[in-house]
Amino acid sequence: MRNIWLILSLLFISISLPLMVWGFWPPRRETIILPLLPAPGMPSLPEARTIHLTFSPVMRAGDAQIVELNLSADGEAADNSLYEEYNVIVEARLELPFADVRPADVVSTALVEGGAATFYWEVNPREEEDLRGTVWLYLRLIPKAGGEETRQPVSAQLIGIRSKSMMGRTGSEARVWGVVGTILGLGLGILSAKRRAR
C-alpha cells in the first residue's frame with residue numbers, strides 16, 4: 001500500500017510538472033528588422049528609418065500575445081522641408097486570419113522629425129493551428145497649405161505564428177492542471193514518506 005502512494009506521487013509529478021513548466025514558461029520572442037524603403041511616387045522621408053517587428057512565433061493555444069511594430073529614426077534629417085510642408089501620418093494594420101486581433105482596424109499616429117512611432121496588437125488565436133498574416137505599414141502626407149493628400153503602403157511584412165497545446169491542454173488549462181497535480185503529487189509523496197517512517 002505504501003508503494004502505491006509513492007507510485008501515485010511520482011505519476012502525478014511526472015505529468016503535472018512538465019505541464020506547469022510549459023504553461024508558465026515565457027514564449028520566445030523574435031524581432032525582424034527591416035529598412036523603411038521609399039514608396040514609389042511619394043516624397044521620401046528625409047532621415048533613414050528602420051522597422052522593428054517583435055512577436056512570438058510559437059505560443060500556447062488559448063493564450064494571447066502582443067505584437068509590436070516600431071518605426072524609428074536612424075540619425076538626423078539632412079533636410080526637414082518635408083515636415084515643414086506636410087503633416088506626416090504613419091498608419092499600421094495587422095491582418096491575421098483565424099485569430100482575434102485588437103485593434104482590428106487601421107491605427108495611426110503623427111510622425112515628427114526624428115521621432116518614432118510604435119504600434120501594439122493583442123493577438124488571440126481562435127484554435128490550435130499555424131497562422132499566416134501580414135503587417136501593413138502606410139505613410140500619409142497631408143499638405144499643410146491644403147490640397148490632395150498622398151497615401152501609400154511602405155511595408156508589407158509577412159508574419160507566421162504557431163499556436164499549439166501540450167497533451168491537448170491550452171495554456172490556462174496546463175497551468176491549472178500543472179499546479180494542482182504537482183501539489184497533489186508532493187502531498188502524496190510526503191504522505192508516503194510519513195507512512196514509511198512509522
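Since the model is a prediction, treat every value here as computed from it, not as a measurement. (Residues numbered from 1 in each chain as written. Predicted model: local features only at pLDDT ≥ 70, side-chain atom pairs only at ≥ 80, totals over all residues. Heavy atoms only, no water.)

Peer 1: Can you lay out the side chain of arginine 140 for me, pointing to particular residues and giving the numbers?
Peer 2: When you line up the elements, arginine 140 lands in strand S9 (residues 130-143). Every residue in contact with arginine 140, bar those within four places of it in the chain, is listed here: Met42, Asn87, Val88, Ile89, Glu91, Glu149, Thr150 and Arg151. (Helix = DSSP H or I, 4+ residues; strand = E, 2+ residues; numbered from the N terminus. Contact = heavy atoms within 4.5 Å.)

Peer 1: Account for the packing of aromatic side chains, naming residues and giving values.
Peer 2: How two aromatic rings sit relative to each other is set out by the distance from centre to centre and by the angle between their planes. Scanning all chains against the criterion turns up two aromatic pairs. Centroid distance phenylalanine 119 to tryptophan 121: 6.3 Å. Interplanar angle 25°. Geometry classified as stacked. Neither phenylalanine 119 nor tryptophan 121 differs from the other in exposure class; each is buried. A centroid spacing of 6.1 Å and a plane angle of 15° characterise the contact between tryptophan 136 and tyrosine 138, whose relative ring orientation is stacked. Seen from the ring of tyrosine 138, arginine 151 lies directly overhead, with NZ or CZ sitting 4.1 Å from the centre. (Phe/Tyr/Trp six-rings, centres within 6.5 Å; stacked < 30°, edge-to-face > 60°. Buried < 20%, exposed > 50% of the residue type's maximum accessible area, 1.4 Å probe, protein only. Lys NZ or Arg CZ within 6 Å of the ring centre and 35° of its normal.)

Peer 1: Explain the pattern of salt bridges residue by residue, including any values.
Peer 2: Applying the stated rule across the entire model yields 11 salt bridges. Residue arginine 28 pairs with glutamate 30 through a salt bridge whose shortest N-O separation is 3.3 Å. The class for arginine 28 is exposed, based on a relative accessible area of 53%. For glutamate 30, a relative accessible area of 29% puts it in the partly exposed group. Its salt-bridge partner being arginine 126, residue aspartate 100 comes within 3.1 Å of it at the nearest N-O pair. Of this pair, aspartate 100 sits in strand S6 (residues 99-102) while arginine 126 sits in the loop between strand S8 (117-125) and S9; the two residues are 26 residues apart in sequence, bridging distant segments of the chain. (Salt bridge = Lys/Arg side-chain N within 4 Å of Asp/Glu carboxyl O.)

Peer 1: Account for a negative patch on the surface, with residues named and values stated.
Peer 2: Negative charge collects at one region of the surface, where Glu76, Asp79, Glu84, Glu85 and Glu113 lie side by side. Tracing the sequence through the fold places glutamate 84 in helix H2 (residues 81-85). (Patch = residues over 30% accessible without salt bridge, like charges linked within 9 Å, V, L, I, M, F, W, Y side chains within 5 Å. Areas by Shrake-Rupley, 256 points an atom, 1.4 Å probe, with all protein chains shown as cover. Lys, Arg positive; Asp, Glu negative; His and termini not counted. Charge placed at Lys NZ, Arg CZ, Asp CG, Glu CD.)

Peer 1: Could you give an account of the nonpolar core, naming the residues involved and the relevant values?
Peer 2: Core analysis: the biggest nonpolar cluster contains 33 residues, and Leu94, Leu96, Trp121 and Leu137 have the highest contact counts within it. Looking at this core, the elements that each hand over two or more residues are strand S2 (48-55), strand S4 (65-74), H2, strand S5 (86-95), S6, S8, S9 and strand S10 (150-164). Residue contributions to this core peak at five residues, all from S9. With residues up to four places along the chain from it excluded, the contact list for tryptophan 121 reads Gln65, Ile66, Val67, Leu69, Ala92, Arg93, Leu94, Val101, Arg102, Pro103, Val107 and Val135. (Core = buried A, V, L, I, M, F, W, Y, C linked by side-chain atoms within 4.5 Å.)

Peer 1: So what about the sheet that holds S8? Which residues, and what values?
Peer 2: On the basis of which strands lie adjacent, the open sheet formed by five strands has the order S1-S2-S4-S8-S6 and antiparallel pairing. Looking at which strands have only one partner, the edges of the open sheet turn out to be strand S1 (30-35) and S6. Neighbour-to-neighbour, the strand axes of this sheet turn through a mean angle of 20°, independent of strand direction. Pairing of S1 with S2 involves six bridges; the strand directions are antiparallel. For glutamate 30, the partnering residue across the bridge sits in S2 and is phenylalanine 55. (Pairing = 2+ DSSP bridges. Axes fitted to C-alpha atoms, helices over the stretch in contact; angles between N-to-C directions.)

Peer 1: I'd love a proper account of the pairing of S4, names of residues and values included.
Peer 2: Direction of pairing for S2 relative to S4: antiparallel, over a ladder of seven bridges. Pairing of isoleucine 51 across the sheet is with leucine 71, part of S4. Pairing geometry for S4 and S8, over seven bridges, is antiparallel. Bridge assignment links glutamate 68 to a residue of S8, and that residue is tyrosine 120.

By themselves these figures say nothing about function.
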